[in-house]
Every structure is written in C-alpha cells, then in structure tokens.
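# Fold and geometry: a report
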Amino acid sequence: MSRRQSLSLLKNLGRFATGSKTQTRSVTYMPRPGDGKPRPVTLIPGDGVGPLVTNAVEQVMEAMHAPVYFEPFDVHGDMKSLPEGLLESIKKNKVCLKGGLKTPVGGGVSSLNVNLRKELDLFASLVNCFNLPGLASRHENVDIVVIRENTEGEYAGLEHEVVPGVVESLKVITKFCSERIAKYAFEYAYLNNRKKVTAVHKANIMKLADGLFLESCQEVAKKYPSIAYNEIIVDNCCMQLVARPEQFDVMVTPNLYGNLVANTAAGIAGGTGVMPGGNVGAEYAVFEQGASAGNVGKDTTEEQKNANPVALLLSSAMMLRHLQFPSFADRLETAVKRVIAEGKCRTEDLGGKSTTQEVVDAVISNLD
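So, here is what we can say about the structure in this document. (Residues numbered from 1 in each chain as written. Predicted model: local features only at pLDDT ≥ 70, side-chain atom pairs only at ≥ 80, totals over all residues. Heavy atoms only, no water.)

## A look at the nonpolar core
Note the following rule: Among the buried residues, those of types Ala, Val, Leu, Ile, Met, Phe, Trp, Tyr and Cys that are joined through side-chain atoms within 4.5 Å form a nonpolar core. Buried, partly exposed and exposed residues are distinguished by accessible area as a fraction of the type maximum, computed with a 1.4 Å probe on protein chains only: under 20%, between the cut-offs, and over 50%, respectively. Only heavy atoms enter the contact rule, under which two residues are in contact if any of them lie within 4.5 Å.
Of all hydrophobic cores here, the largest spans 88 residues; its most connected members are M61, M64, V68, L97, L320, L332 and V363. When near neighbours in sequence (up to four residues on either side) are disregarded, V68 contacts P38, R39, V41, M61, L320, L323 and F325. In this structure, V75, L122, Y284 and V286 belong to the second largest nonpolar core, which totals 14 residues.

## What about the sheet that holds strand β4 (residues 124–130)?
In plain terms, the rule: Whether two strands pair comes down to DSSP finding at least two bridges between them. Runs of H or I in DSSP of at least four residues are treated as helices and runs of E of at least two as strands, each being numbered from the N terminus. The convention used is that axes are lines fitted to C-alpha atoms, helices contributing only their stretch in contact, and that angles between N-to-C directions extend from 0 to 180 degrees.
Pairing is mixed across the open sheet formed by 10 strands, whose spatial order is β2-β1-β3-β12-β11-β4-β5-β10-β8-β9. Strand pairing shows two members of the sheet lacking a second neighbour, β2 (68–72) and β9 (228–233), which therefore form its edges. Here the average twist between neighbouring strands, direction ignored, is 25 degrees. Sheet analysis places strand β8 (residues 196–201) next to strand β10 (residues 250–253), joined by three bridges and oriented parallel. Along β10, the bridge assignment pairs V197 with V250.

## Concerning the packing of aromatic side chains
Quick note on the threshold: Only rings of Phe, Tyr and Trp enter the pairing, Trp through its six-membered ring, and a pair is recorded when the two centres are within 6.5 Å. The plane angle decides the type: under 30 degrees is stacked, over 60 is edge-to-face, the rest tilted.
One pass over the full model with this rule turns up five aromatic pairs. Look at F186 and Y224: their rings are 5.5 Å apart centre to centre, the planes differ by 25 degrees, and that puts the pair in the stacked class. Placement of F186 in helix α5 (residues 175–191) and of Y224 in the loop between α6 (209–221) and β9 is noted, with a sequence separation of 38 residues between them. Take F186: its relative accessible area is 0%, and that puts it in the buried class.

## A short note on the side chain of S315
Relative to the elements of secondary structure, S315 occurs in helix α10 (residues 310–322). Dropping the residues within four chain positions of it, S315 is found in contact with P276, G277, F287, E288, Q289 and G290.

## A look at unusual backbone geometry
As a rule of thumb, non-glycine residues mostly have phi less than zero, and peptide bonds are mostly trans rather than cis. In this structure, K94 is a non-glycine residue whose phi angle is positive, near 75 degrees. Structurally, K94 is set in the loop between α3 (86–93) and β3 (95–98). In this structure K94 comes out as partly exposed when scored by relative accessible area, which is 32%.

## A short note on the side chain of T253
The cut-off we apply is this: Pairs of N or O atoms within 3.5 Å make up the polar contacts considered here, provided that, within protein, one atom can donate a hydrogen while the other can accept it, and that residues adjacent in sequence are counted only when both atoms are side-chain atoms.
As for its placement among the helices and strands, T253 is situated in strand β10. Given a relative accessible area of 0%, T253 falls into the buried group. Here the side chain of T253 touches G258 through a polar contact of 3.1 Å, landing on its backbone nitrogen.

## Topic: the pattern of salt bridges
The criterion, for reference: Every case where a carboxyl oxygen of Asp or Glu lies within 4 Å of a side-chain nitrogen of Lys or Arg is listed as a salt bridge.
Under the definition given, this model contains 16 salt bridges. Taken together, the shared-partner salt bridges connect R321, D330, E333 and K337 into one network.

## Thoughts on the pairing of strand β6 (residues 153–163)
Strand direction decides the pairing type here: β6 and strand β7 (residues 166–172), joined by six bridges, are antiparallel. Following the sheet pairing, E159 is matched in β7 by S169. Two successive antiparallel strands, β6 and β7, enclose a turn made up of two residues, where G165 displays a positive phi of approximately 90 degrees.

## Description of helix α12 (residues 356–365)
To keep things clear, this is the line we draw: Comment: arc refers to directions from the helix axis out to C-beta atoms.
Taken residue by residue, α12 has T356, V359, V360, A362 and V363 as its buried positions. All buried residues of α12 project into a common sector of 160 degrees when viewed along the axis, lining one side.

## Points about α10
Here is the rule we go by: In a helix, the anticipated span is given by 1.5 Å times the number of residues less one.
Taking 1.5 Å of rise per residue, 13 residues should cover 18 Å, and α10 covers 18 Å from first to last C-alpha, within 8% of that figure. When you tally the buried positions in α10, you get 10 out of 13 residues, the bulk of the element. Q324 occupies a position one or two residues after α10 and carries a positive phi of about 65 degrees.

## Brief notes about the packing of α10 against helix α11 (residues 326–342)
What describes two packed helices is the angle between their axes and the distance between those same axes. To keep it simple, the criterion reads: Reported orientations rely on four angle classes, namely roughly parallel under 35 degrees, roughly antiparallel over 145, roughly perpendicular from 65 to 115, and oblique for the rest. A clockwise turn of the near helix away from the far one marks a right-handed crossing, whereas an anticlockwise turn of less than a right angle marks a left-handed crossing. Each residue is assigned to one of three groups, with Ala, Val, Leu, Ile, Met, Phe, Trp, Tyr, Cys and Pro labelled nonpolar, Asp, Glu, Lys and Arg labelled charged, and all others, Gly among them, labelled polar.
Running from N to C, α10 and α11 cross one another at 160 degrees; their axes reach a closest spacing of 7 Å. The angle between α10 and α11 places the two elements in the roughly antiparallel class. Every pair of crossing elements has a handedness; the one defined by α10 and α11 is left-handed. Residues V310, L313, L314, S316, A317, L320 and R321 of α10 form the contact with α11, whose participating residues are P326, F328, A329, D330, L332, E333, V336 and I340. In terms of residue class, the contact of α10 with α11 is built from 11 nonpolar, one polar and three charged.

## Concerning the environment of V60
Following the sequence through the fold, V60 ends up in helix α2 (residues 50–64). Separated by 301 residues in the primary sequence, V60 and D361 place their C-alpha atoms 8.5 Å from one another. When neighbours within four sequence positions are excluded, V60 is seen to be in contact with L313, L332, V360, V363, I364 and L367.

## Description of the pairing of β2
On any regular strand, side chains alternate: one points to one face of the sheet, the next to the other face. Definition in use: Handedness is read with the strands pointing away from the viewer; a crossover is right-handed when the path from the first strand over the helix to the second is clockwise.
For strand β1 (residues 39–44) and β2, the ladder comprises five bridges, and the chain directions are parallel. What sits directly across from T42, in β2, is E71. In this fold, β1 hands off to α2, which returns the chain to β2; that crossover is right-handed.

## Overview of a nonpolar patch on the surface
Put simply, the rule is: Patches in this entry comprise residues that are over 30% relatively accessible and not in a salt bridge; like charges within 9 Å are linked, as are nonpolar side chains (Val, Leu, Ile, Met, Phe, Trp, Tyr) within 5 Å. Accessible surface area values rest on a Shrake-Rupley calculation with a 1.4 Å probe, where residue burial reflects the displayed protein chains alone.
Among the surface-exposed residues, V162, V163 and V166 lie close enough to one another that they form a single nonpolar patch of about 230 Å² accessible area. When you line up the elements, V166 lands in strand β7.

## Some points on the environment of A124
Within the secondary structure, A124 is located in strand β4. Between the alpha carbons of A124 and P309 there is a distance of 23 Å; along the sequence they are 185 residues apart. The contact partners of A124, leaving out residues within four places of it in the chain, are R148, N150, I181, Y184, G278, N279 and V280.

So this is what it looks like as structure tokens:
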C-alpha cells in the first residue's frame, strides 16, 4: 500500500470515528473529597402557585438523584413576621429555594420578601433574561443580566405621615451599599465573560442619591478596564429595552429601578414564567423565580394546576451551580430547554394547555 493510500485510509477512519458519536462532554470537573455529600436546602413553598412549582422542583431533583434534600417551612405573606426557625435553617444550610410570598397591599403589613433579604443581608438580586430556543418573542439575541441592589433605596420602608393627608417616604442610598453592588456586578461580568456593565439611574433629577450611586459605579469601573461601562437614565432605559434590548449585557441598578427593568426585560425575552433568578449576600443565597418573584399566580391557575414551573426549575439549576454540582445543573437546564424547544408541553402563559405536572413529566423524560 502506498503512503498516499495509507493517509487516505486514516482520514476515512477518522471521519468514521468522529461521525459515529459526537463527544459533548467538557473538560471534567474535579470535586474535592466529600463534595458529593447531599446538601440540605431550606424550602419555602410560599403562597398561591408556590407549592405547585416548588413541588415540581422536588420531583425533578428526585428523578435526577441530585445530592440535595429539602427542609420545608410553612411561610405565608400575610404573616406578621418570619416564622421561628426559618432564619436559623437558612443560616445553617446557607441556601434556600423559595416560592412566591404574597405581599399585602397597604394596611401597614411589611413584606416578608423584603424582610428576608434584610435579615440575611441578601444585597444582590440577579435576574437572567434571555431568549429560549423555540419560544417566540418580539426580539432575538436577548441575554441580559439585571443586578439590583436589594437592601435600601425606596424599599427601605422608611415612611411616616407628617400631618394627616401628607405621607413622607424616604429613599436611602449609601456609598457602602452602592459600591458593594457595583463590585458584585463587575465581578459577575468578569467571571462570566460578559463584556459590558450599564448603570441605570435618575441622577438628572435625584442628583445626590442617584449621583452617589453613579459615582460608586464609576469608581469600581476603573478597576475593570477590560469591561466596557456606560450609564443610562432609567426612563430612556425602559424605552431602549423595548426598542433594542440586544444592546444590553449586565445592568446594575438601585432597588426600585431594578424591579422595573428586570420585569420589562423578562417580558421582552419570553415572559416572567421562564426567567430564573436569585438573591445573594456574603454568606447566604435564596433562589426564586427571577422576575415578579412576589407573584403568586391567579386563583384559576392554582385551581387548574397549570402554573409554569420553568422559571423555578432554571433557578434551581442556578442553585445547583452555586452548590458546586455543575453536571446536575447542566442536565436540568438541558432538559428544560429541550422541552421548550419541542413545544409540545407548554403552560397557558406560553400559549399551551399543559398542566404543571405534564411539564414536569416532560422535563424528567428529557433528562440525560
């Protein structure tokens, strides 16, 4: 056999070998000894459809044999305070998965969602808004991460009635919290190979409060020369999100603006029912539906058991990565994306007629 014939045979064998099975596994994750030990996670099913979607996560975790187990707590938004033992459990476990908690409107009842963030100093809220293949949306190439300061601003809850008929609500902005959230946003961008951070503000009107927030972002940006930095006024930001959302990458915001921006971005990318998110501090993390986290669904959704579990399933994939179980996170995320791409099992909010359980069964059947 000639040298040329030998080379031709080797090439054909190479094509046959590579064509028969595509190798998709990435370079291996090397755990530390003992990393496979099951981890406890505090679970708050919450109100409305919360128990339905948190149960969906429990079923999928069990089907995957994921190394986590849940410690459930009965918590409801109309409670006057967080129940005994809840904070102790989260502080022990370091991680919590949470369904929606309904916040009463008016009446002087404080939000347990806000109380939980303050008690655990969960200063950063992160919502990832992105296009899911197979799910129609008004815009393509959307992949936005909204990082929102979670502990002060208008959510500080500092309100009082000056005289009858006149209420004063204080917006608190501090350099410490502004720098802290800016550092987190840039660190997130750096660790996730993101290219740009946009600070959202209203410093043209609130020159001192939002001005301090902007100054803090500018100072931190200087330490990350490889990451582009720009600023945008919040009202223009909302218009730009609707018109050209693909221009945004990572967005860092004060508390109230972040809530508005995250929900707008979620609606553009595919809906709040599919956007994951979480809240993180120096020691603890709480994972929940990314946008409209306080939304507990309609009564009819709860009765018909057709709540969309996708957002919380993807949030639980974020949780698994946080717990350093990357292969389980990849399997879960891949299965969810397959179900969305197939389009056969979708809840009413995505234009389908499937129940929550049917979506869960589809995800489980698509697990590798």
